[in-house]
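Here are the chains, one letter per residue:
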Amino acid sequence: MRRIAWPLTLLAILLLAVVLNIGFRAGGEASGDAREYLGAARELRTTGRLPAAGREPGYPLLLAGLMATTPLGRLAPSCLLPGAACEPALFRPAQWANVILAIGAAALTGWTAWRLTGAVVAGTIGFGYVALNLQMLRGRWEVLSDHLALFLLALLLATLVAWLRTPSHGRAIAAGLAAAALVLTKAIWVWAVLLGAALALLSGRMRPRGTWLGLAVAGIPILGWVVRNGAANGNFALTDKRGGLALSTREVFVHMTPTELLCGWVFWTRGIGDALAARLFPPEVWRRFDVVTPGGFYDIGQNRYEPWVARLAAERGVDLSAARRLVDGELVSAMLAQPLGWLTSWPVLVWRGIWIDEFVVFGFPALLVGTLWAVRRRQVPWLAAFCLGWFSLLGYAALSLNVPRYQIPAVPVLALAAAWAGWQLVERRRLRQAAHP
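Draft legend 1. Spotlight on the overall build of the protein chain. The secondary structure content of the protein chain amounts to 20 helices and zero strands. Radius of gyration (C-alpha) of the protein chain: 23 Å, near the 22 Å computed for a compact globule of 437 residues. Each principal axis of the C-alpha distribution contributes one length, and for the protein chain these read about 80 × 55 × 50 Å. Expressed as a percentage of its 437 residues, the buried residues of the protein chain come to 49%. Put simply, of all contacts in the protein chain between residues at least 6 apart along the chain, 71% involve residues at least 24 apart. Carbon and sulfur atoms make up 66% of the accessible area of the protein chain, which totals about 20700 Å². If the 41 positive side-chain charges of the protein chain are averaged to one point and the 23 negative ones to another, these points end up 14 Å apart.

Draft legend 2. The environment of R405, seen in detail. Of note, R405 is situated in the loop between α19 (380-399) and α20 (411-435). The spatial distance from the C-alpha of R405 to the C-alpha of Q135 is 9.7 Å, given a sequence separation of 270 residues. Setting aside chain neighbours within four positions, we find R405 in contact with D33, L144, D146, K186 and I356.

Draft legend 3. Seen up close, the packing of aromatic side chains. For the coordinates displayed, the defined rule picks out 19 aromatic pairs. Plain terms: the ring middles of Y37 and Y59 are 5.2 Å apart, the flat faces sit at 85° to each other, and that makes the pair edge-to-face. You can see Y37 sitting in helix α2 (residues 33-47) and its partner Y59 sitting in helix α3 (residues 58-69), a full 22 residues away along the chain. Owing to a relative accessible area of 3%, Y37 belongs among the buried residues under this scheme. Ring geometry for W373 and W423: centres 6.2 Å apart, planes at 90°, overall edge-to-face. You can see W373 sitting in helix α18 (residues 360-377) and its partner W423 sitting in helix α20, a full 50 residues away along the chain. Judged by relative accessible area, W373 falls into the buried class, the value being 8%. On the basis of relative accessible area, W423 is assigned to the buried category, the value being 13%. Over the ring of Y37 we find R55; its NZ or CZ atom is 4.8 Å from the centre of that ring.

Cut-off values and rules
Residues numbered from 1 in each chain as written. Predicted model: local features only at pLDDT ≥ 70, side-chain atom pairs only at ≥ 80, totals over all residues. Heavy atoms only, no water. Helix = DSSP H or I, 4+ residues; strand = E, 2+ residues; numbered from the N terminus. Rg over C-alpha atoms; globule rule 2.2 N^0.38 Å. Buried < 20%, exposed > 50% of the residue type's maximum accessible area, 1.4 Å probe, protein only. Contact = heavy atoms within 4.5 Å. Areas by Shrake-Rupley, 256 points an atom, 1.4 Å probe, with all protein chains shown as cover. Lys, Arg positive; Asp, Glu negative; His and termini not counted. Charge placed at Lys NZ, Arg CZ, Asp CG, Glu CD. Phe/Tyr/Trp six-rings, centres within 6.5 Å; stacked < 30°, edge-to-face > 60°. Lys NZ or Arg CZ within 6 Å of the ring centre and 35° of its normal.

Put into structure tokens, the structure is as follows:
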């Protein structure tokens, strides 16, 4: 009976996940960032080349594939104009791709949990945590790269754990390819690769077999994309302007007052935060956190960047790429000049991001305790897996405004932590029963 129960449970979770996510919001599918991804995909589909500047190539490649095989290919250029209203069914393949990627991430997370523990309960928790995470999947209708990054993070988790448990060149190559794909979908993860390289240098003879091969496999596609961008527009970077815009929206929070910091903890609490902040704080404080408020944090951070770039380009007589580098340098200098403001605003921005997880009240404490357990027990595969989650939670909050959807890729690590907690409870119960039959 137990052999049948587990597959039936997984099947029930899968069917429930599909049923709960079968509907999609209509309207605005090609708004904001989605237009850039779709435009890049159309250019790749029609010319065979990606634009010389803009986004990372990972998600446009996926969209171009969908355009070649599904009704998404009938998307007209007019659909990418601001305010355009096109048939919602055209976007359905991309929306279903988000659901499929999420379910694939759930399967990989469940497999990783089972691989690490050998326990069916851990694999089931890992799978269900991601597959039934309705808060994470609320934005499944949006044509954005977050769900691809979710899948790639789960793939990196699986390949990294497999390599660390049984080091080999083949497994190192698989982990390196997964890391490269993640970086070329979300550029911030290049810092995780660089941290991995630094750890490899410090590890000496303790390095697992294939370490340098895996890092080389990860680095070659990343470096190739940087060189390609430099040859195309003179900007040797993973993306054009996106990093600077993120820094601009992060720098504004360095200047928060103590009252605004306290308000941030309240305002960014899921469900009750904005209404509670409106009752506890004066309007001139809590309204600054609203994304539509003129003069608010979001308005300043987002809308000052391009005029600033244009002004510097005119004043210094340089092109826009050079002006962006100058502005980015000024933003970094401004944050370094206010180290206390940067540090005190960091935790509240972490708090803002974690609420993308439906089950965060279980997953985040489990991640804290599980990380301490992995350090004390020197459980390297577990620690490496947990560190990926910490990089996402802390890295985005350090360098950006960390809106909750940025933390979608962190959910598999939180799920793995919850699976670890479930496994530990089962093991302790088994040991108690063995000691006291």
